[in-house]
Amino acid sequence: MWERPLSKRQLGLLLVLTGSVGFIGVLAIDLLDAGREGGLGPAQSLALGAMFLIVIVGLSLLPLGDRPA
Amino acid sequence: MTAGNRGFYRNALRAHRFLLWAALLLLFGYLLVFLTYAANLIQFPFDYDQGEGFELVDTLLFSQGRWPWQDVETYPFYSSNYPPLFHLLAVPFAWLFGPSYAYGRALGTLATLIAAGAIAFAVRRDGGPGLLAPVSGLAFIASNTIYHIGPLNRQHMSMVMFETLAIVALANLECTGDTRKRRRTFWLGMLLILAAGYTKQLALATALAAIAFLFIRRPRRGLQLAVGLALSGGGIFLLLTLATDGQWWLQTISANVNRYDPQQALGLLQQWFGLHGFLVVPALLFLLYELYLGRLSIYSVWLVAALAVGLFSGKWGAGDSYFSTAIAATCLLAGVGCTRLLANSSGQRTLRSALALLLIPLLYLGYARAVLHLPTRTAPFASFAATLNVRPNALNGLYDSARSPEGDFPPGYADIGHLTTDKDIRAGEELVALVRAAEGPVLSEDASFALLAGKDVVTNPTQLLNLANNGLYRGDALLQMLRDRAFGLIILRAGFFPGAILQAIGENYEPDQVISMNGFDYRLYRPRPENTP
């Protein structure tokens, strides 16, 4: 497994996972840092958008199967 | 294939060659513009871009065996906020020539040329026919952003050079059959990424791109690179933190967390696309092709990572230079994409391949038009500008298509690129003479005047502001010196000091005169007479 190239589906899964964890992580900044005020900041909104895009790209790769990424 | 189609293809091939030569010629013109600007700056003895002087101070401190990451609460209140490699490279020149901007600017110029050469090399290695390789390399130098930051005494272009070399080195790692050669290439790539990261922190994105690419191609190799970089990079990081009593961590990491303005990032993103769109579009299309139909190359992964860095350009203190890695990746990927398109079309002699032949040079010609910049009053460009009726929209006769006809540009775009004049040098000399004549230390927003006058360089204002914005600066000792009117002269340019320092200057010093140099007004302040409220 560690010697073979990732397939498009594996890369897609990895991106979905990374994007989802990242999305939750960016949202969690507000929950963990109690001193923050004012909701989502501009950098946070941008990061959320980027994570969402990563998830979408990941999902679009899932149907492409075992072809090497 | 009909005789008519064959004839059309033959003509398209001829037109392709002619248009590509035309593109090469135009882009070569930008190389001349770049070298003219570099030669002008190398001869200019004072600060040109904000911050150049403090990079020189870092080099001089290293040349004396001292760390540039220092406690800003004690005199001379100076610290750097950058990693060391660029300054270390300049140290031998500091030993030979003393305080001078010339060698740092020459190093920046050389780094730009090497990065362009690496792009051309990669396109040629990928099978880039004839002129496409040099055209791709020259396209990098032709970028407005690369033009104006390349020849500065700043570390940014050296970082881009190391990044580009690392990516080009690692690109074909998995295709290397010889185990020893592959191992050597792997270590070389890792060393170059480390060099980039210890030149400027932004290279982290390139490190992540390289790890991601190797992981996609062979997960074990990607993990090896990640562990190797973490151990070597982390080890150096730890040593520097310990050796500087934590100042390395404080000054280069903690102080660099800055306010983010999405409007600035958006403006610079639009500008980047507007100027480089002729190459960005084919590069992105090739990225999509590799993602869904082919196999991802390291260049595609790099472009994505570099674009993410570009989005950080909304940070306070950031600017269009944050897109320079993306510009290198764009030029490389567009060149490789065009190479593949030509390779796929060759031998087919279809209408589609004929159109591809025509499209590629037209993209580079369109790009050459979009990035138009040149001095309009300096030979041999003046006659060219007159012929094309190009009117200056920046200082000292510069035309820069990154600006509006009125000279406006988005926040964050560096207001530089123009040639300096003898008048600027005379103004700088006057400022140095005033600093030399002043009693006691001088507080100046640019370091060159104090350096050339043989006085202490006191503070690095933007670093004080970085620290103050993060609640990491008190400034008691500097404020006390200002209240005591201990500085014989204060020189402000942009007022980048923390608010409390500016307030203390206003309360204890009075305006004396204004000297213009290089398009900027240097405001001089003298101590208010004793007992003045």
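Just above sits the structure.
Everything quoted here is computed from the prediction, not taken from an experiment.

What counts as what
Residues numbered from 1 in each chain as written. Chains lettered and ligands numbered in written order. Predicted model: local features only at pLDDT ≥ 70, side-chain atom pairs only at ≥ 80, totals over all residues. Heavy atoms only, no water. Helix = DSSP H or I, 4+ residues; strand = E, 2+ residues; numbered from the N terminus. Rg over C-alpha atoms; globule rule 2.2 N^0.38 Å. Contact = heavy atoms within 4.5 Å. Areas by Shrake-Rupley, 256 points an atom, 1.4 Å probe, with all protein chains shown as cover. Lys, Arg positive; Asp, Glu negative; His and termini not counted. Charge placed at Lys NZ, Arg CZ, Asp CG, Glu CD. Buried < 20%, exposed > 50% of the residue type's maximum accessible area, 1.4 Å probe, protein only. Pairing = 2+ DSSP bridges. Buried area = accessible area lost by both parts, 1.4 Å probe. Salt bridge = Lys/Arg side-chain N within 4 Å of Asp/Glu carboxyl O. Polar contact = N/O pair within 3.5 Å; in protein donor to acceptor, adjacent residues only side chain to side chain. Axes fitted to C-alpha atoms, helices over the stretch in contact; angles between N-to-C directions. Parallel < 35°, antiparallel > 145°, perpendicular 65-115°, else oblique. Left-handed = near helix turned anticlockwise from the far one by under 90°. Core = buried A, V, L, I, M, F, W, Y, C linked by side-chain atoms within 4.5 Å. Patch = residues over 30% accessible without salt bridge, like charges linked within 9 Å, V, L, I, M, F, W, Y side chains within 5 Å. Expected span 1.5 Å × (residues − 1).

**Points about the overall build of chain A**
Moving on, step 1. From N to C terminus, chain A includes 2 helices and 0 strands.
Moving on, step 2. Since a compact globule built from 69 residues should have a radius of gyration of about 11 Å, the 15 Å found for chain A marks it as more spread out than a globular shape.
Moving on, step 3. Dimensions along the principal axes, computed over C-alpha positions, put chain A at roughly 45 × 20 × 15 Å.
Moving on, step 4. Look at the contacts in chain A between residues 6 or more apart in sequence, and 75% of them connect residues 24 or more apart.
Moving on, step 5. A total accessible area of about 4,400 Å² is found for chain A, and carbon and sulfur atoms account for 73% of it.
Moving on, step 6. Averaging the locations of the 5 positively and 5 negatively charged side chains of chain A gives two centres separated by 18 Å.

**Here's the deal with the overall build of chain B**
Moving on, step 1. Helix and strand counts for chain B come out as 21 helices and 6 strands.
Moving on, step 2. Taken over C-alpha atoms, the radius of gyration comes to 25 Å for chain B, in line with the 24 Å a tight globule of 533 residues would show.
Moving on, step 3. On the principal axes, the C-alpha backbone points of chain B span a range of 95 × 60 × 45 Å.
Moving on, step 4. Per-residue burial over chain B gives 59% buried out of 533 residues.
Moving on, step 5. Expressed as a percentage of contacts within chain B between residues at least 6 apart in sequence, the contacts between residues at least 24 apart total 73%.
Moving on, step 6. Counting every atom, chain B has about 21,400 Å² of accessible surface; 63% of that belongs to carbon and sulfur.

**Brief notes about the pairing of strand E5 (residues 509-517) of chain B**
Moving on, step 1. Relative to strand E6 (residues 520-527) of chain B, E5 of chain B is paired through 8 bridges, and the arrangement is antiparallel. Counted as the bridge partner of Tyr 509 of chain B is Pro 527 of chain B from E6 of chain B.

**Quick look at the environment of Ala 402 of chain B**
Residue and element names in this part refer to chain B.
Moving on, step 1. By secondary structure assignment, the location of Ala 402 is in the loop between strand E2 (398-400) and helix H17 (422-437).
Moving on, step 2. Between the alpha carbons of Ala 402 and Arg 154 there is a distance of 21 Å; along the sequence they are 248 residues apart.
Moving on, step 3. Non-local contacts of Ala 402, meaning those with residues more than four positions away in its chain, are made with Asn 144, Gln 271, Leu 275, Asp 408, Phe 409, Pro 410 and Tyr 413.

**A look at the interface of chain A and chain B**
Moving on, step 1. Listed per partner, the contact involves 19 residues of chain A and 17 residues of chain B.
Moving on, step 2. The three residues of chain A that bury the most area against chain B are Trp 2, Glu 3 and Ala 69 of chain A, which together make up 32% of that side's buried surface.
Moving on, step 3. For the pair chain A and chain B, the number of links is 2 salt bridges.
Moving on, step 4. Glu 3 of chain A is the partner of Arg 220 of chain B in a salt bridge, and the nearest nitrogen-oxygen pair spans 2.2 Å.
Moving on, step 5. Across the contact surface, chain A and chain B share 10 residue pairs in polar contact (both at pLDDT 80 or more).
Moving on, step 6. For the side of chain A that touches chain B, the secondary-structure elements that each account for two or more residues are helix H1 (8-32) and helix H2 (42-61) of chain A.
Moving on, step 7. Element by element, the count of residues in the side of chain A that touches chain B is highest for H2 of chain A, at 6 residues.

**Points about the sheet that holds strand E3 (residues 442-444) of chain B**
Residues and elements named next belong to chain B.
Moving on, step 1. A sheet is described by the order of its strands in space; here 4 strands give the open sequence E3-E4-E6-E5, paired in mixed fashion. Of all strands in the sheet, those bounded by a partner on one side alone are E3 and E5. Neighbouring strand axes in the sheet, compared pairwise and without regard to direction, differ in orientation by 20 degrees on average.
Moving on, step 2. Here strand E4 (residues 489-492) runs beside E6; their pairing, made up of 3 bridges, is antiparallel. Bridging across to E6, Ile 491 finds its partner in Leu 524.

**Focus: the packing of helix H7 (residues 156-170) of chain B against helix H8 (residues 179-197) of chain B**
Residue and element names in this part refer to chain B.
Moving on, step 1. Two elements in contact, H7 and H8, have axes whose closest approach is 8 Å; the angle formed by their N-to-C orientations is 160 degrees. Comparing the axis directions of H7 and H8 gives the class roughly antiparallel. Of the two elements, H7 crosses H8, and the hand of that crossing is left-handed. Here H7 contributes Met 159, Phe 162, Glu 163, Leu 165, Ala 166, Ala 169 and Leu 170 to the contact with H8, which in turn contributes Thr 185, Phe 186, Leu 188, Gly 189, Leu 192, Ile 193, Ala 195 and Ala 196.

**Regarding the nonpolar core**
Residues and elements named next belong to chain B.
Moving on, step 1. Counting 142 residues, the largest nonpolar core has Leu 27, Phe 140, Leu 225, Tyr 299, Tyr 364 and Phe 449 as its most contacted members.
Moving on, step 2. Per-element accounting of this core gives the leading share, 13 residues, to helix H1 (residues 3-42).
Moving on, step 3. Those residues in contact with Leu 225 that lie beyond four places of it in its chain are Phe 186, Met 190, Ile 193, Ala 210, Ile 211 and Leu 214.
Moving on, step 4. Ala 255, Leu 467, Leu 479 and Ile 490 belong to the second-largest nonpolar core, a separate cluster that totals 21 residues.

**Quick look at the packing of H1 of chain A against H2 of chain A**
Residues and elements named next belong to chain A.
Moving on, step 1. Put simply, H1 and H2 touch, their axes get as near as 7 Å, and they point 160 degrees apart. Relative to H2, the element H1 is oriented roughly antiparallel. Of the two possible hands of crossing, H1 and H2 adopt the one that is left-handed.

**With respect to the pattern of salt bridges**
Moving on, step 1. All chains considered together, the criterion is met by 15 salt bridges over all chains.
Moving on, step 2. Residues Glu 52 of chain B and Arg 105 of chain B are paired through a salt bridge, measuring 2.9 Å at the closest nitrogen-oxygen approach. Separated by 53 residues along the polypeptide, Glu 52 of chain B in helix H2 (residues 52-63) and Arg 105 of chain B in helix H4 (residues 102-125) bring together distant segments of the chain. Across the pair, Arg 105 of chain B and Glu 52 of chain B agree in class, each one buried.
Moving on, step 3. Two residues, Asp 476 of chain B and Arg 474 of chain B, come together in a salt bridge whose shortest N-O distance is 2.3 Å.
Moving on, step 4. Within this structure, Glu 3 of chain A together with Glu 174, Arg 218, Arg 220 and Arg 221 of chain B form a network of salt bridges that share partners.

**Notes on a nonpolar patch on the surface**
Moving on, step 1. A contiguous nonpolar patch, built from Phe 28, Leu 32, Leu 35 and Leu 113 of chain B and spanning about 310 Å² of accessible area, is present on the exposed surface.
Moving on, step 2. Among the structural elements, Leu 35 of chain B can be located in helix H1.

**Notes on the pairing of E4 of chain B**
Residues and elements named next belong to chain B.
Moving on, step 1. Covered by surrounding structure in E4 are Leu 489 and Ile 491 together with Ile 490 and Leu 492, the residues of both alternating faces.
Moving on, step 2. In this structure, E3 lies alongside E4, joined through 3 bridges in parallel fashion. Its bridge partner lying in E4, Ser 444 is registered against Ile 491.

**Considering the environment of Ser 444 of chain B**
Residues and elements named next belong to chain B.
Moving on, step 1. On the secondary structure map, Ser 444 appears in strand E3.
Moving on, step 2. Sequence-distant contacts of Ser 444, that is, excluding residues within four places in its chain, are made with Phe 54, Phe 449, Val 458 and Ile 491.
Moving on, step 3. Engagement of the side chain of Ser 444 in a polar contact is seen with the backbone oxygen of Asp 446, the distance being 2.5 Å.

**A look at helix H14 (residues 324-345) of chain B**
Moving on, step 1. Between its first and last C-alpha, H14 of chain B extends 31 Å over 22 residues, near the 32 Å set by a 1.5 Å rise per residue.
Moving on, step 2. Just beyond H14 of chain B, the residue with positive phi is Gly 347 of chain B, at close to 85 degrees.

**Brief notes about the side chain of Arg 217 of chain B**
Moving on, step 1. Residue position: Arg 217 of chain B is located in helix H9 (residues 204-217).
Moving on, step 2. There is no salt bridge for the buried Arg 217 of chain B, and the closest opposite charge comes from Glu 290 of chain B, which lies 6.6 Å off by N-O distance.
Moving on, step 3. Apart from the residues lying within four places of it in its own chain, the contact partners of Arg 217 of chain B are Arg 4 and Pro 5 of chain A together with Glu 174, Arg 295, Leu 296 and Ser 297 of chain B.

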